[in-house]
Amino acid sequence: MSAGELLVLGSVQAIGPGGPASLQGARQRAVLGMLALHAGEVLPVAKLVDVVWGEDPPRTAVRTLHSHVARIRQALDKAGFGPVLRTVNPGYVLDVDPAMVDAVRFERQARTAKDLTGLRRTLDLWRGEAFADASLMGWGLREAERLQELRLSTMEDRWTAELRLGNHEDAVGEIARLLAEHPTREVLAGLHMLALYRAGRQSDALAAFQMVRVRLAAELGAEPGPDLLALHSRILRRDPDLEAQRPAGPAQLPARVGHFTGRADELDALDDVLAHDEPPVVVISGSAGMGKTALAVQWGHRVAPRFPDGQLFVDVRGHDPRRVMSADDALAHLLRSLGMPDERIPGGVNERAALYRSLVHNKRCVVVVDNAGDVEHVLPLVPGAGRTLLVITSRRALAALGARYAVHTVALDALRHQASVELLSSVLGARRVERERGPAARLARLCGGMPLALRIAAARLAGEPARPIAELAGELAGAGRLDALRVDGDARTVRTVLASAYLPLELAQTRMFRLLGLVPSTTFTSSLGAAMCGVAAVEGRRATAELKSAHLITAVGDDRFRFHDLIREFARQCARADEAEAAIAEAGHRLVDWYLRVANEANKAIDPNRDLVTPSLRHSPPELPFVPDRPGALAFLEGERHNFVPAARFARESGRLTAAWHFTYLLTSFYDATGHWQDRVELCRQGAAAAAELADPFAEAEMLRALGVAYYMTRRLQDAVDTNILALRAVRAAGDLGGEGHVYNNLANAYAEMRRFDEAVEAHQMAVARCAATDNHLGHALSQRNLGSTLIQMGRAADSLEPLSEALARFRKLDTPRFEAGTLDTLGEAYLELGDDDLALTTLQEALTLVRSIGYVWLEMEALLHTGTVYLGRRDFPSASEQFEAALALAQEHRAPHIESVALDRLGRTCLGRGDLRAAHEHLEAALVIRRNVPDGYEHAHLERDLADLADRSGQAAAASHHRARAAELYRRENATAEALAIESS
């Protein structure tokens, strides 16, 4: 038997180990769908012909059916099913396990499902109408109708069960929707009437009866059946037996919180608990203010009918050491709630726990223990075997509870932005929020999705109906956001709630919390926390683990954490209140030193030849947070990437100017290896600003040079030229002739990309001369390689071979594999221009092998594009597509929009070559959208040229003329006169 899944309850799909089968046309889906529905059963040819063509098949029906079956076999085989569709006289059989078919599972479960959970899961198998995209006739149509009838019967059973459990409020709308689709089903009509009646809407229930009576008469010429008539009579006389069953036991749940919003996924996760015969302990955890109690109470009311023996609630106040309720007292409360007189409640905690377990044995109760402090606090409250459900809310994860019992954890985080806005709309009214949609969205963001903060903000606005939402948003955007999140007369503010989580922590944890609040970046590690506190790494890990358990920080990766915005602000306020100014300054210096050391050690692992600076540390951080090899360094820096700019800015604003530019320099090897050049631009701006403030020409020249490279790599070519000219002034002021060579080299590259070739060649020659004069062998080789690249762009590929070959030899002698790979790639371009495709492919493959071995993604993308271009010239379209798609995937992964646009354009050109105009249009339009945001006139001109070709082939002469004129205009603007003339004459 093959593995996979066959789906007919919706669109017809066959999903095998190799992915979804590619089924062509509604008839193929009809044949496969019927074979799947009767898996393991031989379906005669005549019956399948009836499925596809009905009573009047064409003369070629049998032959066409065989053709359909052959194509289905191919599709199933490609999807990894194997030879499961067999010919067996007198027809065909799909030899798979019937349980792979969703409709078979549905029929089995529909026969056996008894409780509400089972019925819900049975109906969840449906994704739409059965055989939705298949063309069924005859017997096939009758099979689909049979499944639909069983679905409707199961729906009726489901809503009967819902009403039995008292869920009439939810039932009213859903049953009405079903009844609108099936207006003459009397069972649905009866359920609708009963739901309306139990919701206190007797007149609506009677009106619903009259409506169905009219429909039955009009459509069927019939009167309602005896069951519906009897129900109508009982509603008329308000039969007490029609009322929903009320729980007989204690009902202690607090009232639902008003305007409960945005926890649908969490409520569904809690519903899953009900499927267990012996429910696990439920733990709802999350930071203060996230709505743990609100969720527990909301769900408790929702499922109360399932627990008729009682709903118990006890707030043990575990977050407040001064007011915490002991397990003894909590058990006493629960025992009294279960009817046990005080005189019969035993004295010891063990005896009370045993009596509690005895009283709830074989009973269906839900017990909500709110604000638990730790595991020991709740262990005596866990029921024994049976159907009683324990729900615990806690600011701690209570992970140790899982070592003893089955635990179902629901971890609450901030509300999503849309849910936050919906909560504001619910409290303030949709019209008010709609009038100030932008300010309302800003207010929601300022509250960080914290339900408590959102409710306080909404309450303040509700109390001042004329106050603009924008005004409160402006107040919250100021320095006193936590002070603004309070309502007069309510002691429960965001600050007091967060303080109740902070104050019980141990001293080491509170200090870690405070100092982490000073971190300027989005995420942080325990290693950084340890460095800022001046403690060992193991102590940092222990403290952050406790803070995470208390939900004061949130894990976002392996040893990587973040703050909720309001908790971060609270932590910073605690630091200002509880730390001396000198201690805060020292923690800032330790933070800068940690980033400097991380960057320095990572640079040594990635590119040990980049050794222009040696950072000076005031405080030596604890152990390194990564394995000091190239893969370990790159992986760690990738996780820290979004923190680099804030860290550099922090260093500069703290007066650590040398540290800021050293840090920027030391990260060069990371960006060279991974790209992320958009990020690099802002980092280099910070480094350049720090160097300028130092008034150090050497540092300023180095930072301006780095910024020029970043501009070049992000296609901001004029910015690259301007910045390199500034770098030239700085490097001359520093008297660094070798540095001049590097800057001239970068300036030449920018000129070449702008097709200002005379200036480019002149700058290259200056670079070669200065590098030679200072015995800068690496700079000399780089200048030669880049000169060769410029000569290729000028159409002088033959002249490029000498400087490129010399550069390659120098790079190999210097043992610099990255530059060696880059030179091989450029040589491959030269051979391509010279028409030697075989040598081009050999050279480019050598470049790809080398660059992949050292992990330089940017060069890999370039080499893939050039390799694809060779295959495209050979009209080997499959191989070209493979190379371009690989380049596209890397560009998308590493946020390289220029390369992404180029790859899409080349894919579009490839599709044009093979005649797939629709795919060509998709690729070229996608490339154009990106190119508008990442200007490059020459590549844009290529795109317009290819779009003109597409329009010509599509018979759109006017569009072709427009694109051709646009391409010519862009080519001329980019000094590409030959290309402009070529397209104008085409």
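Below is a summary of the structure that appears in this document. Bear in mind the structure is a predicted one, so any value in this text is a computation, not a measurement.

Criteria and thresholds
- Residues numbered from 1 in each chain as written.
- Predicted model: local features only at pLDDT ≥ 70, side-chain atom pairs only at ≥ 80, totals over all residues.
- Heavy atoms only, no water.
- Phe/Tyr/Trp six-rings, centres within 6.5 Å; stacked < 30°, edge-to-face > 60°.
- Helix = DSSP H or I, 4+ residues; strand = E, 2+ residues; numbered from the N terminus.
- Buried < 20%, exposed > 50% of the residue type's maximum accessible area, 1.4 Å probe, protein only.
- Salt bridge = Lys/Arg side-chain N within 4 Å of Asp/Glu carboxyl O.
- Pairing = 2+ DSSP bridges.
- Contact = heavy atoms within 4.5 Å.
- Expected span 1.5 Å × (residues − 1).
- Axes fitted to C-alpha atoms, helices over the stretch in contact; angles between N-to-C directions.
- Parallel < 35°, antiparallel > 145°, perpendicular 65-115°, else oblique.
- Left-handed = near helix turned anticlockwise from the far one by under 90°.

1. So, the packing of aromatic side chains
To describe a pair of aromatic rings, you give the distance between the ring centres and the angle between the ring planes.
Part 1: All told, the structure shown has 19 aromatic pairs when counted by the stated rule.
Part 2: Considering the side-chain rings of Tyr502 and Phe513, the 5.4 Å spacing of their centres and the 40 degrees angle between planes classify their relative orientation as tilted. Residue Tyr502 is located in helix α22 (residues 494-502), and its partner Phe513 is located in helix α23 (residues 507-516); the two are separated by 11 residues in the primary sequence. In terms of burial, Tyr502 and Phe513 fall into one category: buried.
Part 3: Arranged with centres 6.1 Å apart and planes meeting at 50 degrees, the rings of Phe513 and Phe570 form a pair that is tilted. Note that Phe513 is positioned in helix α23 and Phe570 in helix α26 (residues 565-578), a separation of 57 residues in sequence.

2. Here's the deal with the pattern of salt bridges
Any two side chains of opposite charge can pair if their charged atoms end up close together.
Part 1: According to the stated counting rule, one finds 69 salt bridges in the structure shown.
Part 2: Among the ionic pairs, Asp905 bridges to Arg906, the shortest N-O distance being 2.8 Å.
Part 3: Asp905 sits in the buried class, given a relative accessible area of 1%.
Part 4: Close ionic contact of Arg966 with Glu969 constitutes a salt bridge, the shortest N to O distance being 3.5 Å. On the criterion of helical spacing, the pair formed by Arg966 and Glu969 is a turn pair, its members being 3 residues apart in helix α46 (residues 957-973).
Part 5: For Arg966, a relative accessible area of 25% gives the class partly exposed.
Part 6: Overlapping salt bridges, with partners in common, bring together Asp905, Arg906, Arg909, Glu939, Arg945 and Asp946 in one network.

3. Thoughts on the sheet that holds strand β3 (residues 19-20)
Part 1: Strand order in the open sheet formed by 3 strands is β1-β2-β3, and the pairing between neighbours is antiparallel. One side of each edge strand has no neighbouring strand; the edge strands of this open sheet are β1 (5-7) and β3.

4. Description of the side chain of Gln28
Part 1: With respect to the element layout, Gln28 can be found in helix α1 (residues 26-37).
Part 2: The contact partners of Gln28, leaving out residues within four places of it in the chain, are Leu23, His68, Arg71 and Ile72.

5. Observations concerning α1
Part 1: For α1, spanning 12 residues, the distance from its first C-alpha to its last is 16 Å, which sits close to the expected 16 Å at 1.5 Å a residue.
Part 2: α1 sits mainly inside the fold: 10 of its 12 residues count as buried.
Part 3: All of the buried residues in α1 are Gln28, Arg29, Ala30, Val31, Leu32, Gly33, Met34, Leu35, Ala36 and Leu37.

6. Observations regarding the sheet that holds strand β6 (residues 91-94)
Part 1: Here 3 strands make up an open sheet; going across it, the order is β4-β6-β5 and the pairing antiparallel. In the strand order of this sheet, the two ends are held by β4 (43-44) and β5 (85-88), each with one partner.
Part 2: Along the sheet, α1 makes contact with β4, β5 and β6, crossing β6 at roughly 65 degrees.

7. What about the packing of helix α27 (residues 581-606) against helix α28 (residues 630-640)?
Part 1: α28 packs onto α27 with a crossing angle of 140 degrees between their chain directions and a minimal axis gap of 8 Å. With respect to α28, the axis of α27 lies oblique. Remark: the crossing between α27 and α28 carries left-handed chirality. Between α27 and α28, the residues in contact are Trp594, Tyr595, Val598, Ala602, Ala605 and Ile606 and Arg630, Ala633, Leu634, Phe636, Leu637 and Glu640, respectively.

8. Regarding the pairing of strand β10 (residues 389-394)
Part 1: Across the 6 residues of β10, 6 count as buried, placing the element largely inside the fold.
Part 2: Burial along β10 is two-sided: the face carrying Leu389, Val391 and Thr393 and the face carrying Leu390, Ile392 and Ser394 are both buried.
Part 3: Here 4 bridges tie strand β7 (residues 281-286) to β10, and the two strands are oriented parallel to one another. Looking across to β10, one finds that Ser285 is bridged to Ser394.

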